[in-house]
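Listed below, chain by chain, are the residues.
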Amino acid sequence: MRSDTPGNPLFVHARVVDGAGKPIEGAEVDVWHASPVGLYENQDPEQAEMNLRGKFISGADGRFWFRSVMMIGYPISMDGVVGFLLKAQDRHPMRPEHLHTLIFKPGFKVLISQVYDPNDPHIETDVQFGVTKALIGDFIRHDELHPACRMSRLPGTRSTTPT
Ligand SMILES: [Fe+2]
């Protein structure tokens, strides 16, 4: 986080593997996500430039991890033709909460994807039809104090772990 972003802590622990499940070391992983009010930093004057965006390098076991703040889903723009079509189909404009990733390593195809929270109320009806079973993360709510959160716990905090 590059600016104060109130919300529930999010702890991400993930692993980069090849098609056979073998860990990939040294992959560059770009991540970005919306804020707890559903806005990306470039949509929100309250957030610093590049807030809730980061770059990581996977370790020998393919793992990378970071701490952030839990995002929420957001509506797409209802302007113009898109709004007309959604209204005509009586569809909502919501995207379920998700974490964007772009993973790069020479010798591999670049992977650009998203990881979705299955607890989001719009997980079954993503307006962009972007959710597939393979993209649903293992989001775990911790009602008890998570070890990584000991120094900064706020009442009612939760951590979430896409894998
Ligand atoms: Fe998004």
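To be clear, the structure that these remarks concern was listed above.
Values in this document were obtained by computation on a predicted structure and should not be read as measured data.

Participant: Quick one: what's the story with the packing of aromatic side chains, residue by residue and with numbers?
Facilitator: Here the structure, examined in full by the defined rule, presents three aromatic pairs. Relative to Phe64, the ring of Phe56 has its centre 6.2 Å away and its plane inclined at 20°; by these criteria the two rings are stacked. Between Phe56 and Phe66, the ring centres sit 4.8 Å apart and the planes meet at 15°, which makes this aromatic pair stacked. One end of the pair, Phe56, is in strand 3 (residues 53-57); the other, Phe66, is in strand 4 (residues 63-69), and ten residues separate them in sequence. Judged by its relative accessible area of 10%, Phe66 falls in the buried class. An aromatic cluster of three or more residues is present, and its members are Phe56, Phe64 and Phe66.

Participant: How would you summarise the coordination of the iron ion if you had to cite specific residues and measurements?
Facilitator: Every protein donor of the iron ion is accounted for by Tyr40 (OH), Tyr74 (OH), His98 (NE2) and His100 (NE2), and the metal-donor separations fall at 1.9 to 2.1 Å. All donors to the iron ion come from one chain, and their sequence spacing reads Y-x33-Y-x23-H-x1-H. Taken together, the residues span a long stretch of sequence, with Tyr40 in the loop between strand 2 (28-33) and strand 3 and His98 in strand 7 (residues 98-104) at a distance of 58 residues. Judged by its relative accessible area of 2%, His98 is buried.

Participant: Give me the lowdown on the pattern of salt bridges, citing residues and values where you can.
Facilitator: One pass over the full model with this rule turns up six salt bridges. Its salt-bridge partner being Glu41, residue Arg53 comes within 2.9 Å of it at the nearest N-O pair. Within this pair, whereas Arg53 is found in strand 3, its partner Glu41 is found in the loop between strand 2 and strand 3, the two being separated by twelve residues in sequence. A salt bridge links Arg63 to Asp61, with the shortest nitrogen-to-oxygen separation between them at 3.6 Å. By relative accessible area, Arg63 is classed as partly exposed at 41%. Judged by its relative accessible area of 36%, Asp61 falls in the partly exposed class. The structure contains a network of salt bridges with shared partners spanning Glu28, Asp30 and Lys55.

Participant: Describe the nonpolar core, naming the residues involved and giving the relevant values.
Facilitator: Formed by 19 residues in total, the largest nonpolar core has its most connected members in Val16 and Phe64. Listing elements by their share of this core, those giving two or more residues are strand 1 (9-15), strand 2, strand 4 and strand 7. When near neighbours in sequence (up to four residues on either side) are disregarded, Phe64 contacts Val12, His13, Ala14, Arg15, Val16, Val29, Val31, Phe56, Ile57 and Ser58.

Participant: Talk me through a nonpolar patch on the surface; I want residue IDs and the actual numbers.
Facilitator: Where nonpolar side chains cluster on the molecular surface, the patch consists of Val81, Phe84 and Leu85 and spans about 330 Å² of accessible area. Looking at Leu85, the relative accessible area reads 43%, which means it is partly exposed.

Participant: Give a detailed account of the environment of Ala134, specifying residues and quantitative values.
Facilitator: Residue position: Ala134 is located in the segment after strand 8 (111-116). Judged by relative accessible area, which is 72%, Ala134 ranks as exposed. Sequence spacing of Ala134 and Tyr116 is 18 residues, and the spatial spacing of their C-alpha atoms is 9.5 Å.

Participant: Can you explain the sheet that holds strand 8? Please cite residues and give values.
Facilitator: Taking strand neighbours across the sheet as the criterion, the four strands line up as 3-2-7-8 in an open arrangement whose pairing is antiparallel. On the outer flanks of this sheet lie strand 3 and strand 8, each paired with one strand and no other. The mean angle between the axes of side-by-side strands here comes to 20°, regardless of whether they run parallel or antiparallel. As judged from the five bridges shared by strand 2 and strand 3, these two strands associate in the antiparallel manner. Looking across to strand 3, one finds that Asp30 is bridged to Lys55.

About the cut-offs
- Residues numbered from 1 in each chain as written.
- Predicted model: local features only at pLDDT ≥ 70, side-chain atom pairs only at ≥ 80, totals over all residues.
- Heavy atoms only, no water.
- Phe/Tyr/Trp six-rings, centres within 6.5 Å; stacked < 30°, edge-to-face > 60°.
- Helix = DSSP H or I, 4+ residues; strand = E, 2+ residues; numbered from the N terminus.
- Buried < 20%, exposed > 50% of the residue type's maximum accessible area, 1.4 Å probe, protein only.
- Donors = N, O, S within 2.8 Å, 3.2 Å for Na, K, Ca; no water.
- Salt bridge = Lys/Arg side-chain N within 4 Å of Asp/Glu carboxyl O.
- Core = buried A, V, L, I, M, F, W, Y, C linked by side-chain atoms within 4.5 Å.
- Contact = heavy atoms within 4.5 Å.
- Patch = residues over 30% accessible without salt bridge, like charges linked within 9 Å, V, L, I, M, F, W, Y side chains within 5 Å.
- Areas by Shrake-Rupley, 256 points an atom, 1.4 Å probe, with all protein chains shown as cover.
- Pairing = 2+ DSSP bridges.
- Axes fitted to C-alpha atoms, helices over the stretch in contact; angles between N-to-C directions.

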